[in-house]
Amino acid sequence: MSDQPLVQPVSTVTLTFNDTNETIELPVLKGTDGHMGIDIRKLYDKTGFITYDPGFTSTGSCYSGITYIDGDNGILLYRGYPIQQLAEKSDFIESSYLLINGELPSKEEKADFAHRITRHTMVHEQLSDFYRGFRRGAHPMAIMVGVVGALSAFYHDSLDIDDHEQRDVAAHRLIAKMPTLAAMAYKYSLGQPFIYPQNKLSLVENFLNMMFAVPCEPYELNPVMVNAMDKILLLHADHEQNASTSTVRLAGSSRANPFACIASGIAALWGPAHGGANEAVLNMLQEIGDKSQIKKYVERAKDKNDSFRLMGFGHRVYKNYDPRASVMRKTCHDVLNQLGIKEPLLELAMELERVALEDDYFVERKLYPNVDFYSGIIFRAMGIPTSMFTVIFAVARTVGWIAQWREMIEDPSQKIGRPRQLYTGSPLRDYVPINKR
Ligand code: SDX
């Protein structure tokens with residue numbers, strides 16, 4: 001593998017070890033956004049030292065040209081395009097093409113991409129047997145982790161990661177099948193029959209139809225719900241090197257097949273500190289109950305002795321308003337107005353946001369609402385159960401996981417990810433026979 005950096009060094013830094021006065025010069029690399037990174041790849045070989053950064057707060061794991069976040073200014077770009085413009089003018093399938101291929105598609109390219117995805121929306125009939133092995137009350141994310149990982153047992157003709165064609169087919173299969181598998185998880189929880197995808201429907205129309213249609217009567221798609229779901233999927237599609245994307249990259253770096261890698265991303269996304277936060281926000285709002293309780297819960301969130309956190313608030317990168325949350329809040333109002341729904345939880349969420357953003361604790365720590373704060377309220381208005389919120393996040397983020405996985409596989413400098421550690425355990429010692437312990 002070539003070790004030649006894709007990004008050329010722009011300067012150097014000198015590291016001085018004060019106890020020995022030894023110095024080492026390290027290259028400085030510069031991203032297209034002007035951010036600088038110290039290239040420490042030779043640090044251990046030259047000095048025997050490692051760096052220590054357990055949450056990767058100051059550590060870059062890769063080059064990437066897919067998504068850019070300026071956390072201080074609340075900016076999010078997909079391949080250079082602002083998320084607000086894409087949310088307003090693009091749609092999920094077009095933005096998926098953009099994230100994976102790097103450019104907005106022509107009319108023909110978009111139609112061809114949509115057609116390819118449509119042709120992969122059905123799943124192998126035997127996959128439906130997997131669902132029957134789960135208890136009816138199984139969390140749909142538990143089902144998704146299992147069933148998506150199992151896809152590699154059915155699609156052997158798209159496992160060769162060195163074959164560009166097979167990488168393409170695997171990508172199309174995953175984008176197309178995630179909505180189908182997600183809808184099947186929902187239907188299974190209801191005890192209703194699975195609904196097959198219909199090729200005359202778009203990906204988002206299909207997803208809603210598979211979720212809500214029943215065989216006994218025609219299901220009428222509501223354009224308000226179709227547009228809202230399309231926008232939500234677009235907003236969730238990618239987000240740089242977040243925990244689940246980094247998990248997918250790490251799994252992919254061992255050359256695991258794409259289905260296994262996406263299953264690992266689903267597992268990581270499930271955590272309430274990450275993609276599971278949208279479900280946790282709804283549960284939190286229902287626990288708070290009404291505006292009179294807000295102050296009490298805000299105080300609990302500030303109390304270090306209380307494990308309660310304001311779910312949907314704070315972000316590792318955004319130290320400003322998450323631009324997706326702004327779009328989500330507007331979409332929330334639009335959907336509720338268009339569906340004629342009075343949702344007290346929205347009023348409660350907005351009052352909670354107002355109180356928190358006037359509180360020094362949140363202001364000093366630059367804790368703002370993130371993408372998960374409003375999404376659950378929209379899902380609830382659409383009749384989607386709380387347990388499906390993170391599943392929908394996974395449906396959307398599969399596009400970003402695939403784009404990032406392909407970028408890593410196609411990066412000539414890619415190596416297996418293998419972090420080091422600072423050992424704090426016992427020094428060398430001999431075995432003690434059990435009768436002597
Ligand atoms: C997503 O990375 C991504 O891009 C993720 C994501 C994506 O699209 O992939 O954007 C999706 O995961 C959004 C985040 C969803 N999670 C939540 O809403 C859960 C609640 N948020 C927190 O758990 C937290 O804010 C994190 C996990 C999101 C970020 O944690 P960090 O970066 O490790 O920050 P931290 O825990 O070091 O917090 C800094 C300070 C701490 O206080 P001090 O020790 O400085 O006194 O802020 C406090 C924290 O206690 N803090 C909170 C808080 N979040 C941080 N206090 C109360 N409520 C909160 N929500």
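Residues numbered from 1 in each chain as written. Predicted model: local features only at pLDDT ≥ 70, side-chain atom pairs only at ≥ 80, totals over all residues. Heavy atoms only, no water.

Engineer: Would you mind showing me how to read helix α6 (residues 140-150) here?
Structural biologist: Along an α-helix, a turn takes 3.6 residues, which lines up residues three or four apart on a common side. Pro-140, Met-141, Ile-143, Met-144, Val-147, Val-148 and Ala-150 are the residues of α6 that are buried. As for α6, its buried residues are in contact with α5 (127-131), α7 (164-190), α11 (258-269) and α18 (389-409). (Buried < 20%, exposed > 50% of the residue type's maximum accessible area, 1.4 Å probe, protein only. Helix = DSSP H or I, 4+ residues; strand = E, 2+ residues; numbered from the N terminus. Contact = heavy atoms within 4.5 Å.)

Engineer: Looking at this structure, how should I read the side chain of Arg-167?
Structural biologist: In this structure, Arg-167 sits in helix α7. Assessed through its relative accessible area of 9%, Arg-167 is described here as buried. Non-local contacts of Arg-167, meaning those with residues more than four positions away in its chain, are made with Asp-160, Ile-161, Asp-162, Trp-405, Arg-406, Ile-409 and Glu-410.

Engineer: Help me understand the environment of Tyr-368, please; the structure alone is not making it clear to me.
Structural biologist: Assignment of secondary structure puts Tyr-368 in the loop between α16 (360-364) and α17 (372-381). A relative accessible area of 27% means that Tyr-368 is categorised as partly exposed. The sequence separation of Tyr-368 and Glu-353 amounts to 15 residues, and the corresponding C-alpha distance is 8.1 Å. The residues touching Tyr-368, leaving out its near neighbours within four places in the chain, are Gly-312, Phe-313, Gly-314, Lys-319, Asn-320, Tyr-321 and Leu-357.

Engineer: Quick question: what am I supposed to make of the sheet that holds strand β3 (residues 36-38) here?
Structural biologist: Taking strand neighbours across the sheet as the criterion, the three strands line up as β1-β2-β3 in an open arrangement whose pairing is antiparallel. This sheet does not close on itself; its edge strands, each paired only once, are β1 (9-17) and β3. Pairwise comparison of adjacent strand axes, ignoring direction, gives a mean angle of 30° for this sheet. One ladder, built from eight bridges, connects β1 with strand β2 (residues 22-30); its direction is antiparallel. Considered in β2, the bridge of Val-13 is made with Leu-26. (Pairing = 2+ DSSP bridges. Axes fitted to C-alpha atoms, helices over the stretch in contact; angles between N-to-C directions.)

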